[in-house]
Amino acid sequence: MINIPADDYVFLEKFCLDKYKFSHGDVVIFSSPTNYKERCVKRIVAMEGDYISNVNGASKVPEGHCWVEGDNSASSFDSRSFGPIPLGLIHGRVTHVIWPPQRMRKVDRRIREDGLAF
Amino acid sequence: IFSRFDDSLSPAPEITTIILYKAQFVGNEELKLLSNSEIFLVPAEREREREMSRFQQWALIVKEALDKSFLVAKFFCAVHVTSTYLCSTALVYGPSMLPTFNLSGEIVLLESISTRYGKVGSGDVVIVRSPENPRKVITKRIIGMEGDSITYVVDPINSDRTETLVVPKGHIWVEGDNIYSSNDSRNFGPVPYGLLQGKIWPAGAFGLIGRRPQTVDPALKVAEELNNS
């Protein structure tokens with residue numbers, strides 16, 4: 001799971017759905033590809049056309065898809081399990097945590113240096 | 001002659017009353033009151049009356065304009081909510097769903113309630129967001145739901161080779177009715193259920209959208225059955 005444990009309420013921005021324009025490091029909410037009723041929150045690590053380093057070499061993210069991973073790599077059910085997800089599954093971009101009050105903050109884009117193969 | 005305004009003597013509030021005193025200077029200091037008359041100042045009264053009713057008229061017009069625009073706004077809200085969450089129309093065009101939908105385009109009714117509650121199944125014509133380009137929506141028929149075993153012809157124009165796979169959990173397999181010219185799951189794989197936008201409705205009531213028409217060569221079907229048995 002990403003750095004938002006259960007029972008955090010977040011503010012979701014939907015203007016990015018107009019053109020499906022996302023960037024590396026965005027935290028997004030999407031329907032899980034294994035169960036459409038569930039929603040997952042993860043960070044976009046790679047967009048279409050990027051290469052992801054796998055155990056068996058580097059694989060390319062297909063067009064129209066993105067590779068999402070949780071910040072807590074150790075226990076995260078993300079693209080390393082279900083593969084790249086189509087961008088059409090994304091419901092919006094997380095901008096702020098709005099509840100509980102002691103966790104209120106802006107959620108920033110954060111780009112990881114490792115993980116991408118060039 | 002000097003005058004004073006005296007509203008307390010007015011018969012009505014909107015009428016200004018001016019009382020005129022006629023006086024005469026007697027000598028240098030004494031002032032003798034000769035007569036007084038009350039004049040109802042009609043022009044001012046009419047002016048004030050006109051002003052009051054002008055304001056009231058303006059208020060009335062503004063209220064009516066606001067009511068009408070609220071009505072229009074409410075109508076647009078209702079249309080937006082219905083079209084997003086309940087029922088909408090779609091224009092389907094292209095060769096991939098021949099002969100069900102014609103080439104140049106047909107306007108169909110699209111409902112989103114079934115897809116939200118999982119009430120779609122094989123044989124339904126649905127609209128999905130393309131996995132290759134999220135800004136595009138495509139119309140295809142569901143051939144298999146999750147767990148179904150799909151046997152499909154990989155490239156019907158060039159060969160008769162078929163492949164079989166099981167649709168993974170949370171996904172569906174879609175194909176166009178015209179498999180000779182359709183970019184569907186045979187190219188981009190099973191589609192996650194979350195990409196479904198809506199179901200074309202009604203399925204079968206108009207007699208046009210029913211079971212998938214047989215576009216596969218019957219000899220191929222016989223070969224398939226022999227393979228499966």
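- Looking at an unreviewed UniProt entry, one finds chain B named Mitochondrial inner membrane protease subunit 1 and attributed to Cynara cardunculus var. scolymus.
- Per UniProt, chain B has the following entry under Subunit (unreviewed entry): "Heterodimer of 2 subunits, IMP1A/B and IMP12."
- Looking at the Subcellular location (unreviewed entry) heading of the UniProt record, one finds this comment for chain B: "Mitochondrion inner membrane".

- As annotated in an unreviewed UniProt entry, chain A is Mitochondrial inner membrane protease subunit 2 from Cynara cardunculus var. scolymus.
- Here is the UniProt Subcellular location (unreviewed entry) comment for chain A, exactly as written: "Mitochondrion inner membrane".

**Some words on the confidence of the model for chain A**
- Mean pLDDT over chain A works out to 85, with 90% of the residues at or above the 70 mark.
- When mean pLDDT is compared element by element in chain A, strand 7 (residues 85–86) of chain A scores highest at 94, while strand 10 (residues 116–117) of chain A scores lowest at 49.

**Description of the packing of aromatic side chains**
- Following the criterion strictly, the structure yields six aromatic pairs over all chains and no others.
- Relative to A:Phe82, the ring of A:Phe30 has its centre 6.4 Å away and its plane inclined at 70 degrees; by these criteria the two rings are edge-to-face. Here A:Phe30 is found in strand 2 (residues 27–32), whereas its partner A:Phe82 is found in helix 1 (residues 79–82), with 52 residues between them in sequence. Like A:Phe30, the residue A:Phe82 is buried in the burial classification.
- Taking the centre distance of 5.9 Å and the plane angle of 55 degrees together, the rings of B:Phe75 and B:Phe76 count as tilted.
- A residue is classified by how much of its surface remains accessible, and B:Phe76, at 53% relative accessible area, is exposed.
- Members of the aromatic cluster, connected to one another through ring pairs, are A:Phe30, A:Phe77 and A:Phe82.

Definitions and limits used
Residues numbered from 1 in each chain as written. Chains lettered and ligands numbered in written order. Predicted model: local features only at pLDDT ≥ 70, side-chain atom pairs only at ≥ 80, totals over all residues. Heavy atoms only, no water. UniProt positions renumbered as here; feature names shortened; annotations may be inferred. pLDDT = per-residue confidence, 0-100. Helix = DSSP H or I, 4+ residues; strand = E, 2+ residues; numbered from the N terminus. Phe/Tyr/Trp six-rings, centres within 6.5 Å; stacked < 30°, edge-to-face > 60°. Buried < 20%, exposed > 50% of the residue type's maximum accessible area, 1.4 Å probe, protein only.

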